[in-house]
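Below are the chains, spelled out letter by letter.
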Amino acid sequence: MRSLRKGLSLASLLTGVATLGAVLVAAPAAHAADTPLRDLAAAQGKVIGTAVTGSKLTGTYGDIAGSQFSSLTPGNAMKWGSVEPTRGGFDWTEADQIVAFAQAHDQQVRGHTLVWHNQNPSWLTNGSWTSAQLGSLLQNHISTEVGRYKGKIAAWDVVNEPFNEDGTYRSTLWYDGLGADYIADALTWAHAADPAAKLYINDYNVEGVNAKSTALYNLVKSLKQQGVPIDGVGLQAHLILGQVPSTLRENIQRFADLGVDVAITELDIRMALPADSTKLAQQAADFTSVVAACAAVTRCVNVTVWGFTDSDSWVPGTFPGYGAATPYDENYSPKPAYYGIAEALGGSTTPPPTNGACTAAYSVTSQWNTAFTGQVKITCSGASLSSWKVSWTYGAGQQITQAWNATCTQSGSAVSCANASYNGSVADGGSVTFGFNASWSGSNPVPTVTLS
Ligand code: G3I
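Since we're looking at a predicted model, the values are computed, not measured.

As a further point, take the layout of surface pockets. As a volume, the largest pocket reaches approximately 510 Å³. For the lining of the largest pocket, the secondary-structure elements that each account for two or more residues are β2 (47–52) and β9 (261–272).

In structure tokens, the structure reads:
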């Protein structure tokens, strides 16, 4: 029989966050009792946002997106490749869905993004266009998309990632075909289609004072002098644990002093996996310092996280071995980072008491041609177990061939592993690990595991 002992401590919450494929037992439902981030932000005159995936806006994901945030950014749904996958063949389904959800939850929408070198449809990137044709395609795209959502989008990331790291213009379809004027033209066309929308240039690695952010600064200054409609700059802020630029606030302030708004548009802070309590505490401090830097500057109007849950983050797919970059874990429990954001917005700095939990974390420890070795680590914090069973479903035909420190059975894709006679007890603060060999082919996705 399983027994749960209850304990109340910050340390138990911090160590109770698992990394891969884990499910919490007696999971803390902390977000429900707190003042929502959007209310804390509103009290500071700020907007707090998240990038979202439209198809996920139901259940717990939808509840958190709707209750905690006052702004949504479609993570992919408004990009050119999403809305016009074939020439003249438009698909607004996901973009419309996100806009409708935002309206139903009294939220702003940040439109993302109109002019970029990525995620363009292949008919566009593979085409051979004269400069005039390219300009006309871009103008039509901007007029169509901005026009469709006229009055419904608070701010557009009109131009995304125009610079190289050294501050020169990035060679792209747009720059190569149209020259640097494509930026002013895009802003002008967007303004014509929705004069009320705030128009931004958005980039990464422009959070601190450096060559790239100075190029952006000089561009914005020049656009303002020419009377081009530019309202703001977006600092994406895809950051690395412990590396918040020391000049972030100074940089935000210099843009504000130019007479434009600033938004932190894609904040996440990645760490080497697995997460542990030390890293999560550092991450909380990092989130606090980013949000505080924005809160300190009146014209910094919005902080948006690039996905609020580790289950909906681009990081693990792009930086293998890195992740846990968002304020909620994969099971939608708020992490210390959540409280780091709340703290910077004047909210509670103390996570609420937890009932304690035991978690199971699945990981692949080595993998070769057709086989791999995996392990599951069961960890208890503020709770304990006298026996355990861990279950999961393989999604890609993996097959267990051997297990140790547990008795594993597999029926079809369903795997169930029970404790051996000698390792059913997991003490409060303790852990037990079992391992297995298995076969795979094609892909080897990490399953979600259930501890019972
Ligand atoms: O939709 C397809 C799906 O059908 C297919 O099965 C799957 C297989 O890989 O791919 C899916 O498309 C993926 C798409 O995200 C939607 O999930 C693409 O492969 C993947 O490349 C794409 O990644 C996006 C990335 O931009 C592309 O550059 C991320 O989700 C998105 O979060 C990320 O966002 C960018 C911002 O727009 C600009 N700043 C940087 C930021 C992070 O890269």
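The subject of this paragraph is helix α10 (residues 211–226). The end-to-end C-alpha separation of α10 is 23 Å, in line with the 22 Å expected for 16 residues at 1.5 Å each. Listed in full, the buried residues belonging to α10 are K212, S213, A215, L216, Y217, L219, V220 and L223. Its buried side turned inward, α10 meets α9 (181–193), β6 (198–203), β7 (232–235) and α11 (248–258). Between a side-chain oxygen at the N-terminus of α10 and the backbone nitrogen of K212 the separation is 3.0 Å; the capping residue is N210. Residue G227 follows α10 closely and has a positive phi angle near 80°.

What follows deals with the packing of aromatic side chains. Counted by the stated rule, this structure contains 20 aromatic pairs. Look at W80 and W174: their rings are 5.7 Å apart centre to centre, the planes differ by 5°, and that puts the pair in the stacked class. Of this pair, W80 sits in helix α4 (residues 80–83) while W174 sits in helix α8 (residues 173–178), placing them 94 residues apart in sequence. Between W392 and F436, the ring centres sit 5.5 Å apart and the planes meet at 35°, which makes this aromatic pair tilted. Here F436 lies in strand β18 (residues 431–439) and W392 lies in strand β14 (residues 389–393), a separation of 44 residues in the sequence.

This part is about the sheet that holds strand β16 (residues 406–411). Here 4 strands make up an open sheet; going across it, the order is β16-β17-β14-β19 and the pairing antiparallel. Lying at the two open borders of the sheet, with one neighbouring strand each, are β16 and β19 (450–451).

Applying the stated rule across the entire model yields 3 cavities of 30 Å³ or more. Counted as a void, the second largest cavity has a volume near 50 Å³. What lines the second largest cavity is A41, K46, V47, I48, V291, C294, A295, V303 and L345. Taken together, the elements giving at least two residues each to the lining of the second largest cavity come down to β2 and α12 (277–295). Ranked by residues supplied to the lining of the second largest cavity, first place goes to α12 with 3 residues. Taken together, the residues that form the lining of the second largest cavity break down as 8 nonpolar, no polar and 1 charged.

What the domain assignment lists for the chain is domain 1 (31–353) and domain 2 (355–451). Averaged C-alpha coordinates put domain 1 and domain 2 at centres separated by 37 Å.

Per the counting criterion, the structure on display carries 3 disulfides. Here C358 is linked by a disulfide to C380, with a sulfur-sulfur distance of 2.1 Å. Since a negative S-S torsion denotes a left-handed disulfide, the C358-C380 link at about 110° is right-handed. Taken as a pair, C358 in strand β12 (residues 357–367) and C380 in strand β13 (residues 371–381) lie far apart in primary sequence, 22 residues in all. For C380, a relative accessible area of 1% translates into the label buried. Each disulfide pairs two cysteine sulfurs, and for C408 the partner residue is C417, the sulfurs being separated by 2.1 Å. On the S-S bond that ties C408 to C417, the torsion sits near 115°, and the link is right-handed. Judged by its relative accessible area of 0%, C417 is buried. Take the cysteines of the chain that form disulfides and number them in order along the sequence; they join up as 1-2, 3-4, 5-6.

Around the ligand, the structure places N76, K79, H112, W116, Q119, N160, E161, Q236, H238, E266, W306 and W314. One nitrogen or oxygen atom from the side chain of H112 is found 2.7 Å from an oxygen atom belonging to the ligand. At 2.9 Å, a side-chain N or O of W306 approaches an oxygen atom of the ligand. Across the complex, the protein chains shield 44% of the 790 Å² of accessible surface that the ligand would expose by itself.

What follows deals with the nonpolar core. In terms of nonpolar packing, the biggest core is built from 90 residues, with W156, I264 and L267 touching the most fellow members. Broken down by element, the residue count for this core peaks at 8 residues, all from α9. Contacts of L267, omitting those with residues within four sequence positions, involve Q236, A237, L239, F287, V290, V291, V303, T304, V305 and W306. Residues V376, I378, W392 and I400 belong to the second largest nonpolar core, which totals 25 residues.

Rules used throughout
- Position numbers for residues start from 1 in each chain and track the written sequence from start to end.
- Given that this is a predicted model, residues contribute local features only at a pLDDT of at least 70 and side-chain atom pairs are listed and counted only at 80 or more, while totals for whole chains, interfaces and linings are drawn from all residues.
- Note: side-chain values were computed over all heavy atoms of the structure, leaving out hydrogens and water.
- Buriedness of a pocket was judged along seven lines, with at least five required to meet protein on both sides within 12 Å; pockets are open sets of points on a 1 Å grid over the protein atoms alone, cavities are sets where a 1.4 Å probe fits but cannot get out, and lining residues have an atom within 4 Å of a point.
- Grid points are joined across faces, edges and corners, and a volume is the space filled by probe spheres set on the points.
- Comment: elements are numbered from the N terminus, with helices defined as DSSP H or I runs of at least four residues and strands as E runs of at least two.
- To estimate the expected span of a helix, subtract one from its residue number and multiply by 1.5 Å.
- When accessible area is computed with a 1.4 Å probe and restricted to protein chains, residues below 20% of their type maximum are described as buried, those above 50% as exposed, and intermediate ones as partly exposed.
- Two residues qualify as a contact provided that any one of their heavy atoms is within 4.5 Å of a heavy atom in the partner residue.
- Two N or O atoms form a polar contact when they lie within 3.5 Å of each other; inside protein one atom must be a possible hydrogen donor and the other a possible acceptor, and for residues adjacent in sequence the pair counts only when both atoms belong to side chains.
- Geometry of aromatic contacts follows a simple scheme: Phe, Tyr and Trp rings, the Trp one being its six-membered ring, pair when their centres are within 6.5 Å, and the pair is stacked under 30 degrees between planes, edge-to-face over 60, tilted otherwise.
- Should DSSP find at least two bridges between two strands, the strands are taken to pair.
- When residues are sorted by character, Ala, Val, Leu, Ile, Met, Phe, Trp, Tyr, Cys and Pro go into the nonpolar class, Asp, Glu, Lys and Arg into the charged class, and all the rest, Gly among them, into the polar class.
- Segment limits for the domains were obtained from an automatic or database-derived domain assignment.
- Two cysteine sulfurs form what is called a disulfide whenever their separation falls within 2.5 Å.
- We call a residue near a molecule or strand whenever a single non-hydrogen atom of that residue lies within 4 Å of it.
- Per-residue accessibility takes into account occlusion by the displayed protein chains alone, with areas from the Shrake-Rupley method and a 1.4 Å probe.
- Throughout this description, the term nonpolar core refers to a set of buried Ala, Val, Leu, Ile, Met, Phe, Trp, Tyr and Cys residues connected via side-chain atoms within 4.5 Å.

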